[in-house]
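Overview (structure and organization)
Here is how the chains run, residue by residue.
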Amino acid sequence: MPIETTLTARLGIQQPILSAPMAGIAGARLVAAVSEAGGFGILGCGYGDRTWVEQETAKLRACRAPFGIGFITWSLAKQPELLDIALAAKPRAIMLSFGDPKPFCSRIKRSGTLLICQVQTEEMAKEALDAGADILIAQGTEAGGHGASRTTLDIVPAVVDLAAGRVPVVAAGGLADGRGLAAMMMLGASGVLLGTRFYASIECDADDEAKQRICAATSGTTTRGVVFDFTRSIFWPAPFTLRSLTNDHVRRWTGREVELIQNLSAVSAEYAAAKAARNFDIAGVFAGEAVGLIHDVPHAAEIVDRITGEAEQILSGRRNSTTMAQAVAAR
Amino acid sequence: MWPDRRIIDLFKIEFPILLAPMAGAIDAELAIAVAQGGGLPSVPCALLAPEKAREQVNIVRQRVSAPINLNFFCHKAVEADPAREAIWRQRLAPYYRELGLDPAAPINSANRAPFNAAFCEVVEELKPEVVSFHFGLPDQNLLKRVKATGAIVMSSATIVREAIWLEEHGADVIIAQGAEAGGHRAMFLTDNIAEQPGTFALVPQVVDAVKVPVIAAGGIADGRGIAAAFALGAAGVQVGSAYLRCPESKVSALIRAALALASDDSTVITNVMTGRPARAVVNRAMREMGPVCPDAPAFPHSAAALAPLKLAAEKLGKVDFTSLWAGQAVRLGREMPAAEVTRALAGGALARMGKLAN
């Protein structure tokens, strides 16, 4: 059964579940799978590889359900023409994260496309509302990949209060199951955006070994920092840092970032080699704190179904002391 | 209706809301008020001598017939290391001089004693319904004696591994303490602050890893946060910051003023104040030496040399060296009687859950 919220109405979708625009790995295959399952897939255009964007948006023309296309705002500012390629694919929404959305607003709006803005502070939420955002995503520090410092429990209700019903608020960061969706609806959000959970799906274009690392990881094995960005010579503006699984590379360089920069060419070469060799003790797996909730690599559609089924059970009050006790006894 | 009644039934309380045992900030007065509101009253003993702890429990028992949670620290006590003390005192010397204090004057040692035989006798004598520990569990002999009194034993986990350890070592209830929580991080199997998960990422993972009921703690200070914690599988919540500015708290006027000014991004995790990671509103000491400072002596010895500075600065109306323990929800703290806060929290949560069920 669909979970109807202001978000599902606004986007014209069945389930209030968005897949995150994970750079380069949230390709057309994942987007279509999530959207066709009733959720809302968002293409991860990342740092703007034009060929990739053209190729993946072309594939999305065949998608039968509404979908979105996501950009890193400060990166898009360097290649604004990519927005035209994206809009030509007729997405239901463009999602902008990490930077000032204003310069792109009128083009997005003129085309009749909705604008989704991801924010990490109240200040950014105000900026996005002023720019005309149709949907806000409040992202907590638990999220994998890039983000900032405030936690989901802290930032979601703060942005919900700020939006005051004018636009739907989606929660992101540390969520991976139906409990997370139900909890965020309790906080006043009208949907969730999930990255790491869809990373470990069949349709995600990530390395299988990286997906297995996510399945094996438990809570308390991710770190937020700048080591991978520095290593890849991608210098993000403050306050954004990156959360990843804690691997040998993170352990080696955290707290020694200046030294890393001093040895950048050697470290980058080593990193590139490790990546090519699929050695994830060094290559990064950009995952969030929900890793401990993820134990398998199913189809994206199954993820959408599981989450909505579980959330519905909780929201309707059908999960209670008795069912919890049964679940515990079954372990 | 509460979807999960395991904590309500186990503790025999009206609402599944626990008062966080905030040592130094609360005493019997606030505990009594929370009990009157239907929550579980807690008496923090970390800063008390055994006879004082006894006195506090007796005050609560005289006024309310509620179950009581007696809370203790159970860190491994380490002797002060003279070399590190010297470095620390040197680091603090400019502040001493600024406040007209002699940097070389003798100082009292820090006063946070771990749970020991003397405290255990207090537990055996008073038989509190719940005994909770911070930083793991005491050694098996002491724990056995505590359990023999019939007390429900509770302790906090900051990562899944700690939760599993606590269950294996005899905890009856586990508090999942997320990174948002104020005061000392309960961490005892890890010292990596950077890896501490947020409450809402941690709670469902702990729920999946253990069979005992899980209480969510950290950043929860209103009805919607409680409703959300239950959706994640928690059977109760522990609330601290929401009570800090209640009239019954013993937080000083100076600290109250500082807390009232705090916003959502005013707190950080620091080791400067006591030597152990703890979340507090940023003060001058944390800003200028931390928030994490390698020179801070091991817990609880950092606090010793800070104590004279705290006193002198407070006389001037400044909280430069005062521990302003608070969680990320500090701005949700309310200046209203704690019994009313408790009922408002419970009512808000129930309303939220009821609304979404329809």
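Residues numbered from 1 in each chain as written. Chains lettered and ligands numbered in written order. Predicted model: local features only at pLDDT ≥ 70, side-chain atom pairs only at ≥ 80, totals over all residues. Heavy atoms only, no water.

A few words now on the overall build of chain B. A count of helical and extended segments in chain B gives 13 helices and 11 strands. Against the 2.2 N^0.38 benchmark of 21 Å for 358 residues, chain B shows a C-alpha radius of gyration of 20 Å, consistent with a compact globule. For chain B, the C-alpha atoms occupy an extent of roughly 65 × 45 × 40 Å along the three principal directions. Of the contacts made within chain B by residues no fewer than 6 positions apart, 69% connect residues no fewer than 24 positions apart. In chain B, 36 side chains carry a positive charge and 35 a negative one; their mean positions are 2 Å apart. (Helix = DSSP H or I, 4+ residues; strand = E, 2+ residues; numbered from the N terminus. Rg over C-alpha atoms; globule rule 2.2 N^0.38 Å. Contact = heavy atoms within 4.5 Å. Lys, Arg positive; Asp, Glu negative; His and termini not counted. Charge placed at Lys NZ, Arg CZ, Asp CG, Glu CD.)

A count of helices and strands for chain A gives 17 helices and 11 strands. A globule of 331 residues ought to have a C-alpha radius of gyration of about 20 Å, and chain A, at 19 Å, matches this closely. Along the first, second and third principal axes, the C-alpha set of chain A runs to 55 × 55 × 40 Å. The buried share of chain A, taken over its 331 residues, is 62%. Counting only contacts in chain A whose residues sit at least 6 apart along the sequence, the fraction spanning at least 24 positions is 64%. Once the 32 positive and 34 negative side-chain charges of chain A are each reduced to a mean point, those two points are 2 Å apart. (Buried < 20%, exposed > 50% of the residue type's maximum accessible area, 1.4 Å probe, protein only.)

All names here are of chain B. Within the element layout of this structure, Arg91 appears in helix H4 (residues 82–98). C-alpha of Arg91 to C-alpha of Asp295: the two residues are 204 residues apart in sequence and 8.0 Å apart in space. If near-sequence neighbours (up to four positions away) are discounted, Arg91 is found in contact with Glu288, Met289, Cys293 and Asp295.

We now examine the packing of helix H2 (residues 28–36) of chain A against helix H3 (residues 50–60) of chain A. Residues and elements named next belong to chain A. Interhelical geometry of H2 versus H3 gives an angle of 30° and a closest axis separation of 9 Å. The angle between H2 and H3 places the two elements in the roughly parallel class. In this structure, H2 meets H3 at a crossing whose hand is right-handed. Of the residues in H3, those touching H2 at Ala28, Val31 and Ala32 are Glu56, Lys59 and Leu60. Each residue belonging to the contact of H2 with H3 can be placed in one class, and the counts come to 4 nonpolar, no polar and 2 charged. (Axes fitted to C-alpha atoms, helices over the stretch in contact; angles between N-to-C directions. Parallel < 35°, antiparallel > 145°, perpendicular 65-115°, else oblique. Left-handed = near helix turned anticlockwise from the far one by under 90°. Nonpolar A, V, L, I, M, F, W, Y, C, P; charged D, E, K, R; others polar.)

With that settled, consider the sheet that holds strand E1 (residues 17–19) of chain B. Pairing between the strands of a sheet comes from backbone hydrogen bonds, and it takes one of two forms, parallel or antiparallel. Residue and element names in this part refer to chain B. Strand order in this open sheet of 8 strands is E1-E9-E8-E6-E5-E4-E3-E2, and the pairing throughout is parallel. What marks the edges here is a single partner per strand, and that holds for E1 and strand E2 (42–44). Sheet twist, expressed as the mean angle between neighbouring strand axes with direction ignored, is 25°. (Pairing = 2+ DSSP bridges.)

Once that is clear, we can look at the interface of chain B and chain A. With 40 residues of chain B in contact, the opposing surface of chain A contributes 42 residues. When residues of chain B are sorted by the area they lose upon contact with chain A, B:Glu195, B:Gln205 and B:Arg224 head the list and together hold 18% of the total. Where chain B packs against chain A, one counts 3 salt bridges. In this structure, the salt-bridge partner of A:Asp154 is B:Arg331, at a minimum N-O distance of 3.2 Å. The tally of links from chain B across to chain A stands at 9 residue pairs in polar contact (both at pLDDT 80 or more). Secondary-structure elements contributing two or more residues to the side of chain B that touches chain A are helix H8 (199–209), helix H9 (223–231) and helix H13 (338–357) of chain B. For the side of chain B that touches chain A, the class distribution of residues is 19 nonpolar, 9 polar and 12 charged. (Buried area = accessible area lost by both parts, 1.4 Å probe. Salt bridge = Lys/Arg side-chain N within 4 Å of Asp/Glu carboxyl O. Polar contact = N/O pair within 3.5 Å; in protein donor to acceptor, adjacent residues only side chain to side chain.)

So, on to the domain arrangement of chain A. Residue and element names in this part refer to chain A. Here the domain parsing of chain A yields domain 1 (6–206 + 298–326) and domain 2 (208–289). Here the C-alpha centre of domain 2 lies 24 Å away from the C-alpha centre of domain 1. Facing 21 residues of domain 1, the contacting portion of domain 2 comprises 21 residues. Here domain 1 and domain 2 share an interface that buries about 1800 Å² over both sides, 63% of which is from carbon and sulfur atoms. In terms of surface lost to domain 2, no three residues of domain 1 exceed Trp74, His146 and Tyr199, which account for 31% of the buried area on that side. Our enumeration of links across domain 1 and domain 2 arrives at 0 salt bridges. Our count for the contact surface shared by domain 1 and domain 2 stands at 15 residue pairs in polar contact (both at pLDDT 80 or more). If you list the elements that add at least two residues to the side of domain 1 that touches domain 2, you get strand E7 (145–147) and helix H10 (196–199). Sorting elements by how many residues they give to the side of domain 1 that touches domain 2 places E7 first, with 3 residues. In terms of residue class, the side of domain 1 that touches domain 2 is made up of 12 nonpolar, 8 polar and 1 charged. (Domains from an automatic or database assignment.)

Pairs can form between side chains of opposite charge whenever their charged atoms are close. For the coordinates displayed, the defined rule picks out 40 salt bridges over all chains. Here A:Arg319 and A:Glu310 are joined by a salt bridge, their closest N and O atoms 3.3 Å apart. According to the relative accessible area criterion, A:Arg319 is partly exposed, its value standing at 22%. With a closest N to O distance of 3.5 Å, B:Arg63 and B:Glu29 form a salt bridge. Here B:Arg63, found in helix H3 (residues 50–63), pairs with B:Glu29, found in helix H2 (residues 28–37); they are 34 residues apart in sequence, far enough to count as distant. Overall, B:Glu29 belongs to the partly exposed group, its relative accessible area being 35%.

Here the focus is the nonpolar core. Judged by nonpolar contacts, the single largest core of 207 residues is most densely connected at A:Phe71, A:Leu136, A:Met184, A:Phe198, B:Phe115, B:Phe133 and B:Tyr243. For this core, the domains that each give at least three residues are domain 1 (6–206 + 298–326) and domain 2 (208–289) of chain A. Those residues in contact with B:Tyr243 that lie beyond four places of it in its chain are B:Ile17, B:Leu19, B:Met22, B:Leu30, B:Val34, B:Ser249, B:Ala338, B:Val341, B:Thr342 and B:Leu345. The next biggest cluster of nonpolar side chains, apart from the first, holds 21 residues, and it includes B:Leu92, B:Tyr95, B:Met273 and B:Ala280. (Core = buried A, V, L, I, M, F, W, Y, C linked by side-chain atoms within 4.5 Å.)

Here we come to the sheet that holds strand E11 (residues 241–245) of chain A. Residue and element names in this part refer to chain A. The sheet built from 3 strands is open, its strands ordered E7-E11-E10 with antiparallel pairing. Looking at strand neighbours, the two that pair on one side only are E7 and strand E10 (222–225), the edges of this open sheet. Taking the axes of each pair of neighbouring strands and ignoring which way they run, one obtains an average angle of 30° across the sheet. Bridging between E7 and E11 involves 3 bridges; their strand directions are antiparallel.

All names here are of chain A. One can describe the packing of helix H9 (residues 178–186) onto helix H16 (residues 300–315) by two numbers: an axis separation of 7 Å at closest approach and a directional angle of 50°. Here H16 runs oblique to H9, going by the angle between their axes. When the axes of H9 and H16 are compared, the crossing they make is right-handed. Contacts from Gly178, Arg179, Leu181, Ala182, Met185 and Met186 of H9 reach H16 at Ile307, Glu310, Ala311, Ile314 and Leu315. Its residues assigned to classes, the contact of H9 with H16 comprises 8 nonpolar, 1 polar and 2 charged.

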